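So you can see what is in the structure, the chains are spelled out below.
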Amino acid sequence: MILPFIVAGLVTGALFALCGVGMLVLYRTTGVLNLGYGALGAISAMVAWQLVEMRLQPVLAYLIGVLCATLLSLAFGWLAGPYIASVPTVVKATSTLGLALVILGTMLFLWNDKARTLRLPTDTVGFTVFDTRVTLTQLVCLGLALAVVIGTSLFLRASSTGASMRALASDRELAAMLGVPVRRVELQAWTVSGALAGLSGILLASQTRLEPGFLTFLIIPILAAVVIGRFHSLAGTLAGGLIVGVMQAVASAYPATASFSNATPFVVATIVILYLQRKKVVKIEVTA
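Below: a short report on this structure.

## Some remarks on the overall build of the protein chain
Counting its secondary structure elements, the protein chain contains 13 helices and 2 strands. Scaling as 2.2 N^0.38, a compact globule of 288 residues should have a C-alpha radius of gyration of about 19 Å, and the protein chain matches this with 19 Å. Over its C-alpha atoms, taken along the principal directions, the protein chain stretches across nearly 55 × 50 × 35 Å. Across the protein chain, the fraction of contacts at a sequence separation of at least 24, relative to all contacts at a separation of at least 6, is 73%. Looking at the protein chain as shown, the accessible area adds up to about 14300 Å², and 70% of this sits on carbon and sulfur atoms. Looking at charge distribution, the protein chain has the averaged site of its 18 positive side-chain charges lying 5 Å from that of its 9 negative ones.

Written out as structure tokens, the structure reads:
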């Protein structure tokens, strides 16, 4: 039966989109494509799991996990931000690989690469649709992704901070000349991005598996969602995450394609890039 795979794909896809929104906010504000995003989510989930194992109240453990990812993101933005502000985009993205490797190495040292399980209280609440179990956690993931996309769009359009972020995305030097507090706005973007990474990391760990390396390399489908959103559109990123999640889940449902399911993000992103490039070429030819 394919329906359980579609449901699972929609949920993981929504979480890919949630991560993608965090990446996109940071990229549109600072020009940094944070390739350490998956590692931030992974350490949030690992810290939360460890605290739950130590009998800490689960909600408090989750909050501390999210806070850990937020502070790490903020610290990297505070320390490295001034040095990478004026370098090319590719160099900015490459610099975040160091963040990913440091966090991954720390997690492997503290917890090794053994797969664990993170269960949320909402996993036990749910209902059945056509013999498919749908949990409250899955509904929360879908609703949260939609709410964050809508809320972020409104925030960027209607708030003064959002206007400052859009100004930085357009021209950093001109924004500074117009009085925009560049460093403060950039650090706010790093903070929001880190918080979304921490939250989505815990939710992804509950829906997939809690393993440092696995969660760290979920940056690949997350990046594919951002590519589908053309590094600009929040709605496009949401659609991209859902497409990647469903296609990957459906591919894993059949023995003939299961071994290739992990390649789904590459395939989808490549098709989108080729389509956009072809569309651009056609537009240029028509204009000429």
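On we go.
## Looking at the pattern of salt bridges
Going through the model one piece at a time under the given rule, you end up with 1 salt bridge. Residues Glu-211 and Arg-209 are paired through a salt bridge, measuring 2.7 Å at the closest nitrogen-oxygen approach. Given the relative accessible area of 13%, Glu-211 is considered buried.

## A word on the pairing of strand β1 (residues 126-129)
Where β1 lies against strand β2 (residues 132-135), 4 bridges are found, and the strand directions are antiparallel. Note that in β2 the partner of Gly-126 across the bridge is Thr-135. Linking β1 back to β2 in an antiparallel pair, the connection comprises 2 residues, with Phe-130 at a positive phi of about 50°.

## What about the environment of Pro-4?
Examined against the element boundaries, Pro-4 turns out to sit in helix α1 (residues 3-30). Sequence separation between Pro-4 and Arg-184 is 180 residues; the distance between their C-alpha atoms is 45 Å.

## Describing a nonpolar patch on the surface
Together, Leu-10, Val-125, Phe-127, Val-129, Phe-130, Leu-136, Leu-139, Val-140 and Leu-142 give the surface a local cluster of nonpolar side chains, amounting to about 720 Å² of exposed area. Among the elements of the structure, β1 and α5 (136-158) are those that each provide at least two residues to the nonpolar patch. If you tally residues by element for the nonpolar patch, the top one is α5, at 4 residues. Its location among the elements puts Val-140 in helix α5.

## With respect to the nonpolar core
One finds Met-107, Leu-118, Ile-202, Leu-210 and Leu-215 to be the most contacted residues of the largest nonpolar core, which totals 72 residues. Top contributing element to this core by residue count: α1, with 12 residues. With residues up to four places along the chain from it excluded, the contact list for Leu-118 reads Ala-45, Trp-49, Tyr-62, Asp-123, Ile-202, Ala-205, Ser-206 and Leu-210.

Rules used in this analysis
- Residues numbered from 1 in each chain as written.
- Predicted model: local features only at pLDDT ≥ 70, side-chain atom pairs only at ≥ 80, totals over all residues.
- Heavy atoms only, no water.
- Helix = DSSP H or I, 4+ residues; strand = E, 2+ residues; numbered from the N terminus.
- Rg over C-alpha atoms; globule rule 2.2 N^0.38 Å.
- Contact = heavy atoms within 4.5 Å.
- Areas by Shrake-Rupley, 256 points an atom, 1.4 Å probe, with all protein chains shown as cover.
- Lys, Arg positive; Asp, Glu negative; His and termini not counted.
- Charge placed at Lys NZ, Arg CZ, Asp CG, Glu CD.
- Salt bridge = Lys/Arg side-chain N within 4 Å of Asp/Glu carboxyl O.
- Buried < 20%, exposed > 50% of the residue type's maximum accessible area, 1.4 Å probe, protein only.
- Pairing = 2+ DSSP bridges.
- Patch = residues over 30% accessible without salt bridge, like charges linked within 9 Å, V, L, I, M, F, W, Y side chains within 5 Å.
- Core = buried A, V, L, I, M, F, W, Y, C linked by side-chain atoms within 4.5 Å.

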